[in-house]
Amino acid sequence: MMALASLTIRYQDEVVVSCEGGDACNFALAEIAACLEGQIDIEKVDIDEIDRLLDKATITVDQLIESIYDGVIVVNEDNRIILFNRAAEKIIGISRNEVIGLKATKVLENSRLGQVLKTGEKTIGDRQNIGSTTIITNRSPIIIDDRIIGAIATFQDITEIEALSSKLDSTIKIKETFGNILEYASDGICMINELGTIVYLNPQFEKSWNVTLKDALGDNIKSTPLNISSIIKAVQSKKPHIGLIDQRVDGVQILSNTTPIMINGVFRGVVIFSKEVTELQKLLEKLNDAEAKIKYFSEELQWNQRFHEAFDIIIGKSKALKNVLDIAYKASQSNATVLIHGESGTGKGLFAKAISDASFRKNKPFIRLNCTTIPENLLESELFGHVRGAFTGAIKDKPGRFELANGGTIFLDEIGDISKDMQVKLLRVLQEREFERVGGDETLKIDVRIIAATNKNLEKMVEDGTFREDLFYRLNVIPITLPPLRERPEDIPLLVKHFVEKICKNEKKKVKNISSDVYSILQAYHWPGNIRELENIIERAIALNDGNLLDSSCLPDYLALQKKIESEDLINIINDQIAPLEEYEKAIIKAALKKYKSYNKAGKALGITHRTVSLKAKKYGLSLPQG
Ligand SMILES: Nc1ncnc2c1ncn2[C@@H]1O[C@H](COP(=O)(O)OP(=O)(O)OP(=O)(O)O)[C@@H](O)[C@H]1O
Ligand SMILES: [Mg+2]
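Residues numbered from 1 in each chain as written. Chains lettered and ligands numbered in written order. Predicted model: local features only at pLDDT ≥ 70, side-chain atom pairs only at ≥ 80, totals over all residues. Heavy atoms only, no water.

Engineer: Any chance you could explain the layout of surface pockets here in plain terms?
Structural biologist: One simple way to see leftover space: roll a probe sized like a water molecule over the atoms. By volume, the second largest pocket amounts to about 840 Å³. Around the second largest pocket, the lining is made up of 30 residues, and of these His 341, Gly 342, Thr 481, Leu 482 and Lys 601 lie nearest the centre. For the lining of the second largest pocket, the secondary-structure elements that each account for two or more residues are α13 (319-332), β11 (338-341), α18 (458-464), β19 (478-481), α24 (581-596) and α25 (599-606). The element that contributes the greatest number of residues to the lining of the second largest pocket is α13, accounting for 4 residues. Looking at the lining of the second largest pocket, its residues break down into 12 nonpolar, 10 polar and 8 charged. Counting residues domain by domain, the lining of the second largest pocket receives three or more from each of domain 4 (313-481) and domain 6 (571-627). (1 Å grid on protein atoms, 1.4 Å probe; cavity = no way out; pocket = protein on both sides within 12 Å on 5 of 7 lines; lining within 4 Å. Points joined across faces, edges and corners; volume = space filled by probe spheres on them. Helix = DSSP H or I, 4+ residues; strand = E, 2+ residues; numbered from the N terminus. Nonpolar A, V, L, I, M, F, W, Y, C, P; charged D, E, K, R; others polar. Domains from an automatic or database assignment.)

Engineer: Whenever I open this one, the side chain of Thr 134 confuses me. Can you help?
Structural biologist: In this structure, Thr 134 sits in strand β4 (residues 133-144). In contact with Thr 134, other than residues within four places in its own chain, are Arg 127, Gln 128, Asn 129, Gln 156, Asp 157, Ile 158, Thr 159 and Glu 162. (Contact = heavy atoms within 4.5 Å.)

Engineer: Looking at this structure, how should I read the nonpolar core?
Structural biologist: A general tendency of soluble globular proteins is for nonpolar side chains to be buried together. Grouped together as the largest cluster of nonpolar side chains are 31 residues, with contacts concentrated most on Leu 383, Phe 402, Leu 412, Ile 415 and Leu 426. Among the secondary structure elements, those contributing two or more residues to this core are β12 (366-370), α15 (376-384), β15 (409-413), α17 (420-432), β18 (449-454), α18 and α19 (469-475). Examining the composition of this core, we find that 5 residues originate from one element, α17, more than from any other. In this view, Leu 383 contacts Leu 369, Gly 400, Arg 401, Phe 402, Ile 410, Leu 412, Met 422 and Leu 426; residues no more than four positions away in its chain are not counted. One finds Leu 485, Ile 531, Leu 534 and Ile 538 within the second-largest nonpolar core, a separate group that totals 26 residues. (Core = buried A, V, L, I, M, F, W, Y, C linked by side-chain atoms within 4.5 Å. Buried < 20%, exposed > 50% of the residue type's maximum accessible area, 1.4 Å probe, protein only.)

Engineer: Whenever I open this one, α17 confuses me. Can you help?
Structural biologist: In an α-helix, one turn spans 3.6 residues, which is why side chains three or four residues apart end up on the same side. If you check α17, its first and last C-alpha atoms are 19 Å apart, about what 13 residues at 1.5 Å a residue would give, namely 18 Å. Buried-residue contacts for α17 involve α15, α16 (401-404), β15, β16 (434-436), β18 and α19. Where α17 terminates, the next one or two residues include Arg 433, which has phi positive at roughly 55°. (Expected span 1.5 Å × (residues − 1).)

Engineer: Even after reading the chapter, I still don't get α15, so can you show me in this structure?
Structural biologist: All of the buried residues along α15 are Leu 379, Ser 381, Glu 382, Leu 383 and Phe 384. One or two steps after α15, the chain reaches Gly 385, where phi turns positive at roughly 80°.

Engineer: Could you clarify how one ought to interpret the packing of α15 against α17 in this entry?
Structural biologist: When two helices pack together, their arrangement is captured by the angle between the axes and the distance separating the axes. Between α15 and α17, the shortest axis-to-axis distance is 11 Å and the interhelical angle comes to 10°. The orientation of α15 with respect to α17, classified from their angle, is roughly parallel. Residues Glu 376, Leu 379, Glu 380, Leu 383 and Phe 384 of α15 pack against Met 422, Lys 425, Leu 426 and Val 429 of α17. Tallied by class, the residues present in the contact of α15 with α17 amount to 6 nonpolar, no polar and 3 charged. (Axes fitted to C-alpha atoms, helices over the stretch in contact; angles between N-to-C directions. Parallel < 35°, antiparallel > 145°, perpendicular 65-115°, else oblique.)

Engineer: Hey, could you run me through the site of ligand 1 in this one?
Structural biologist: Close contacts around ligand 1 come from 17 residues, with Ser 344, Gly 345, Lys 348, Arg 532 and Glu 535 the closest. A distance of 2.8 Å is found between an oxygen atom of ligand 1 and a side-chain nitrogen or oxygen belonging to Ser 344. Here an oxygen atom of ligand 1 sits 3.0 Å away from a polar atom, N or O, in the main chain of Gly 349. Contributing elements (two or more residues each) for the shell around ligand 1: α14 (348-358), α20 (492-507) and α22 (530-544). Summarising the domain contributions, the shell around ligand 1 has at least three residues from each of domain 4 (313-481) and domain 5 (486-569). (Near = heavy atom within 4 Å. Polar contact = N/O pair within 3.5 Å; in protein donor to acceptor, adjacent residues only side chain to side chain.)

Engineer: I'm lost on the packing of aromatic side chains in this one. Help?
Structural biologist: Inspection of every chain in the model, using the stated rule, returns 9 aromatic pairs. Each ring, one from Phe 205 and one from Trp 209, has its centre 6.4 Å from the other, and the planes form 45°; the classification is tilted. Here Trp 209 and Phe 205 lie together in helix α10 (residues 203-209), a separation of 4 residues that amounts to about one turn. With respect to class, Phe 205 is no different from Trp 209; both count as buried. In this structure an aromatic cluster arises from ring pairing among Phe 384, Phe 402 and Phe 435. Stacked on the ring of Phe 366, the Lys or Arg Lys 353 has its end atom at 5.3 Å from the ring centre. (Phe/Tyr/Trp six-rings, centres within 6.5 Å; stacked < 30°, edge-to-face > 60°. Lys NZ or Arg CZ within 6 Å of the ring centre and 35° of its normal.)

Engineer: Sorry, what's going on with the pattern of salt bridges here?
Structural biologist: When the charged atoms of two side chains lie near each other, side chains of opposite charge can form a pair. Inspection of the entire model under this criterion finds 30 salt bridges. Note that Glu 194 is salt-bridged to Arg 268, the shortest N-O span being 3.8 Å. Here Glu 194 is found in the loop between β6 (188-193) and β7 (198-201), whereas its partner Arg 268 is found in strand β10 (residues 266-276), with 74 residues between them in sequence. Connected through shared salt-bridge partners, Glu 66, Arg 86, Glu 89 and Arg 96 make up one network. (Salt bridge = Lys/Arg side-chain N within 4 Å of Asp/Glu carboxyl O.)

Engineer: In this structure, what is going on with a nonpolar patch on the surface? I would like to understand it.
Structural biologist: Residues Ile 174, Phe 178 and Ile 181 make up a contiguous nonpolar surface patch of roughly 310 Å² in combined accessible area. Its location among the elements puts Ile 174 in helix α9 (residues 159-184). Classification of Ile 174 by relative accessible area gives partly exposed; the value is 48%. (Patch = residues over 30% accessible without salt bridge, like charges linked within 9 Å, V, L, I, M, F, W, Y side chains within 5 Å. Areas by Shrake-Rupley, 256 points an atom, 1.4 Å probe, with all protein chains shown as cover.)

Engineer: Quick question: what am I supposed to make of the sheet that holds β6 here?
Structural biologist: Across a sheet, strands are paired by hydrogen bonds formed along the backbone, either parallel or antiparallel in direction. Taken in spatial order, the 5 strands make up an open sheet running β7-β6-β10-β9-β8, and their pairing is antiparallel. Every other strand in the sheet has two partners, leaving β7 and β8 (241-247) as the edge strands with one partner each. Across the sheet, the axes of successive neighbouring strands diverge by a mean angle of 25°, strand direction being ignored. Bridge count between β6 and β10: 6 bridges; the pairing is antiparallel. Following the sheet pairing, Ile 192 is matched in β10 by Val 270. Sitting on the sheet, helix α11 (residues 229-237) is in contact with β6, β8, β9 (253-263) and β10, with an inclination near 150° to β8. (Pairing = 2+ DSSP bridges.)

Engineer: Help me understand the pairing of strand β5 (residues 147-157), please; the structure alone is not making it clear to me.
Structural biologist: Here is the key point about a regular strand: its side chains alternate between the two faces of the sheet. The pairing of strand β1 (residues 71-76) with β5 spans 6 bridges and is classified as antiparallel. Its bridge partner being in β5, Val 72 is matched across the sheet by Thr 154. Of the strand pairs in this sheet, β4 and β5 are connected by 10 bridges, and their pairing is antiparallel. Note that in β5 the partner of Pro 141 across the bridge is Ala 151.

Okay, structure coming up:
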C-alpha cells in the first residue's frame, strides 16, 4: 500500500490497476479502485493483504536503483552514506558493506555531497577522476518540507567514452594533416579506385597537367582530357611503375610514378604522383650548380690551407704554385727521394729546405752540396770524405757530406752536372745507403734523406746518354716541377711586396707605396731569371729610390721596352689589310704550340685551358711540334 501511496495521482488521471490471481486478488483490486475513487473506507480495508499483494507485483525503488547502470550514492543530513548501489560499487570498486554509515568524504576524498547539503544547490555534469576511472556526476539535495534531509549523487563511468573521443580527435587530426599534406604536396597526386574512378586529386596534379579536373571527381580516368596512356597501362597492370613519361597537350613532358593500393591483399586502386620534367631539370641544374660550388670551395679550401709552417717561406697563391706546394708537403712527410726540377731562380733551393724543415728530420743536419761548384776531382772526397794520405793534400781523415748529413737530409743541387763516374758512385749510395771514404776500405752505413735538384732536362739527358737511366729513376721517386714565374704572373704582386719588405728591413729603408704601373710592367715581363731576377730588380729599385713611392722609373728600362716592343709587334698588319679573326687565332695557337710544345703549357701562357688549346689546334689542323 505504501508503494501505491507514494504515487501522486492527480484529479482526472487514469489509473489502471491489475493483478493476476484468484478472488483475494479481485477483492484487493476492488478495494484499491474504491480507495482511488475516494469511496474507500480505510478502516475496513485489509491493508496488510493489499500491501502483500502490491509488494509482490510492484518494482520497488530499491530494485530500480539497483538495476540502473548509473552509480547512485545517497547521504543523510550528516553526510553519512545510506545508499550505495551496485553500479556505484562497480564504478568505485568498493563494496557497499564497507561504506554504509561512513562519512562520504571518508569513502571518496573528493565527494562534494557535503557541500550540496550545506548549500542546497545542485551540481550538474561534474567531471572527476577516481583512480584511472573518469566519472561524470550530478548531485542534488533531498528536501522535504523545506528541510535538507540528505543528498543524492548519480554518476556514470565515462572512461571508455573519453578514450573513444580522444581516439576520434586524433583520427580527425591525422585526417586533417594528411589532407593538408596531399593538398600542399609539391607533387601532383591523384587517387583512383579499383574501377578507375577518380576519387581524389590535389591542386598540384591539375597544375602539373595544366587542366581543371575538380569536376572530374567521380569520372573514369580514361574519360579525362589527359594524355596519359602510359599511366593507364600501369594502372591496369596493378603493379608499381616508376618514371612513366607522358606528354602534356602543350608538349611538356610529365614524369609519373604509380603505386597500387592493396588493402588486405585486395587491389583497391592506384595513387599517381606526377611532376613536370622541366621542374626536375631545373632541380638537376641547381644540383649541378651546387656541386660545382662545392668543388670550387673545397679546392679553394685546399689551396688556402697552410701546408706546414716550413713552407711559409715560399710566397705565392697561384694554382700552379699551390699544386707543387701540395706535392712538396706530401713528400716532406715521407722518406722518399725527391727530384726538384725547374728553371733557374724558380726556388728549388727554397723548396728543398722547406721539405727538410717540414720532415721528421727537421732537427737533424741539412747538408747542401752544389755539384757544379766543386771541381770534379774533389767531388768524390766532398761527398764521401777521405782518409789520410788518400791523395796529395789529404793530410788527415775527413768526413764527407754524406757522413755529415747522417740522420738528416742531403741536398744535391745541380745534380744534372755530375760526371758519369760520379753518377755510378752516387747510384750505390742511393741503392745501398753505404760507401767507403776515398782511400779507405771501411764500409760506412748512413741514414740520409736525399733531395736532388736541377734545371736540366734529365729525361733528355738519359735519352742522349749523358745521364744514367738507373740513377735517374732512383732520384725521380717524387718529382716536383716548379712553374716558371711567367706562368704565374698573379704571384708577382705578392712577391714584390714580400721582397720590398725584406729588402727594406735589411737596408733600413722605407717604401710605403708601390705604383700600379710597377706591377703591370713586371707582370708583362717574361722573367727568364724567374724569382731571383725579380728579387734583384726590386733590390735595385729600392737602392735607386729615395722617396716613399716605388714607381716605374726605378725599374730597368729593358722591362718597359720589352712591353712596348711586344705590344707593337703583337699584330703585324700587312699592306693595311686586316685578316679574319680566326687567322689571328690560328697564328697565335700555332706560335704557342711551337714555343711550349705542350697543350697544357700553351694554354697556361694564353690564359685558356689545355682542352681549349687542343680543340682549337684540331680546328685549325695544327699538331704539337715534336721534340
Ligand atoms: N716562391 C718564392 N717565394 C719567395 N722567395 C722565393 C720564391 N722562389 C724563389 N725565391 C727566392 O728566389 C731566389 C732564388 O731561389 P732559389 O735559389 O731557390 O732558386 P733555384 O731554383 O734554386 O735557382 P738556381 O737553379 O739558379 O739555383 C732565392 O732568393 C729565393 O729565396
Ligand atoms: Mg739553386
